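Secondary and tertiary structure notes
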Amino acid sequence: KAGQRAHWRRIFEATAPDVFLVQETRSPDHYVTKDEWPALRSRSHWRSAPNVTWGSAIYIRDGRWRPIELPDYDGYVVGVELAGPKIEGVTRRRLRVFSVHVPSPYIRPMHEILDRIAALPNAQRCDHIIGGDFNLTTGVRHPSEKRQVHNLWLLDRMRREFNLMNAWQVAN
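In what follows, the accompanying structure is described. (Residues numbered from 1 in each chain as written. Predicted model: local features only at pLDDT ≥ 70, side-chain atom pairs only at ≥ 80, totals over all residues. Heavy atoms only, no water.)

Considerations on the overall build of the protein
Our working definition: Runs of E in the DSSP output that reach at least two residues are strands. Runs of H or I that reach at least four are helices, and both are numbered from the N terminus. Categorising residues by exposure relies on relative accessible area from a 1.4 Å probe, with only protein chains included: less than 20% of the type maximum marks a residue as buried, more than 50% marks it as exposed, and the intermediate range marks it as partly exposed. Here, two residues are considered to be in contact whenever any of their heavy atoms come within 4.5 Å of each other.
Check the secondary structure of the protein and you find 6 helices and 7 strands. Reading the helices (α) and strands (β) of the protein from amino to carboxyl end gives α-β-α-β-β-β-β-α-β-α-β-α-α. Counting across all 172 residues of the protein, residues that qualify as buried make up 41%. Sequence-distant contacts in the protein: of pairs separated by 6 or more residues, those separated by 24 or more amount to 57%.

This is the structure we're talking about:
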């Protein structure tokens, strides 16, 4: 029931994120109380994936944003472009944020999603955050780990074309 699911609220309380990317999620109003929803509504962007009750979402704590649409991936990918004093203090370039849930068969849609992000107007003049559930193993594995299958082409492409790196890999 709406307001009884609590994981969004627990994350906000535990970490107070500036940016929160969520995939395979119900509408944000399902995760907060009716009293909390008006404030959350203006700071979150959610779209339902086709023919399901879940979609992808972005929460932005501060600043102004406008939605960015990616045709054919509505609900699987949501994007926003941020503006405002907090962001301007970090980067002088526009900042675009995408929450991505790649549908099967995974590799082709991942390429198409990145192609569409790269083709957006002024993409080369923007900084990007692209995060989510790519449904691909993208981390470099330690030799002692059983699972050695990984799709390093994705990390390479994101580094080359968007100047991005795997946050988990850098931190660990």
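Moving on, there is more to tell.
What about the sheet that holds strand 7 (residues 126-133)?
Note the cut-off: Whether two strands pair comes down to DSSP finding at least two bridges between them. Inter-axis angles, ranging from 0 to 180 degrees, are taken between N-to-C directions of lines fitted to C-alpha atoms, where helices are fitted over the stretch in contact.
Read from one edge to the other, the open sheet built from 4 strands follows the order 4-5-6-7, with strand pairing classed as mixed. Looking at which strands have only one partner, the edges of the open sheet turn out to be strand 4 (64-68) and strand 7. Sheet twist, expressed as the average angle between the axes of neighbouring strands with direction ignored, equals 20°. Across 6 bridges, the pairing between strand 5 (residues 77-83) and strand 6 (residues 94-101) is antiparallel. Following the sheet pairing, valine 80 is matched in strand 6 by valine 97. The strands touched by helix 4 (residues 107-119) within the sheet are strand 5, strand 6 and strand 7, with strand 7 carrying the most contacts at an inclination of about 160°.

So, the packing of aromatic side chains
Condition: By convention, a stacked pair of Phe, Tyr or Trp rings (six-membered ring in the case of Trp) has centres within 6.5 Å and planes under 30 degrees apart, an edge-to-face pair has planes over 60 apart, and any other such pair is tilted.
Under the defined criterion, the tally for this structure stands at 6 aromatic pairs. A centroid spacing of 5.5 Å and a plane angle of 5° characterise the contact between tryptophan 8 and tyrosine 31, whose relative ring orientation is stacked. You can see tryptophan 8 sitting in helix 1 (residues 7-15) and its partner tyrosine 31 sitting in the loop between strand 1 (19-25) and helix 2 (37-41), a full 23 residues away along the chain. Overall, the relative accessible area of 0% leaves tryptophan 8 in the buried class. For tyrosine 31, a relative accessible area of 4% translates into the label buried. Taken together, Trp8, Phe12, Phe20, Tyr31 and Tyr59 form an aromatic cluster joined through their ring pairs.

Fair warning: the whole summary comes from geometry, so function is off the table for now.
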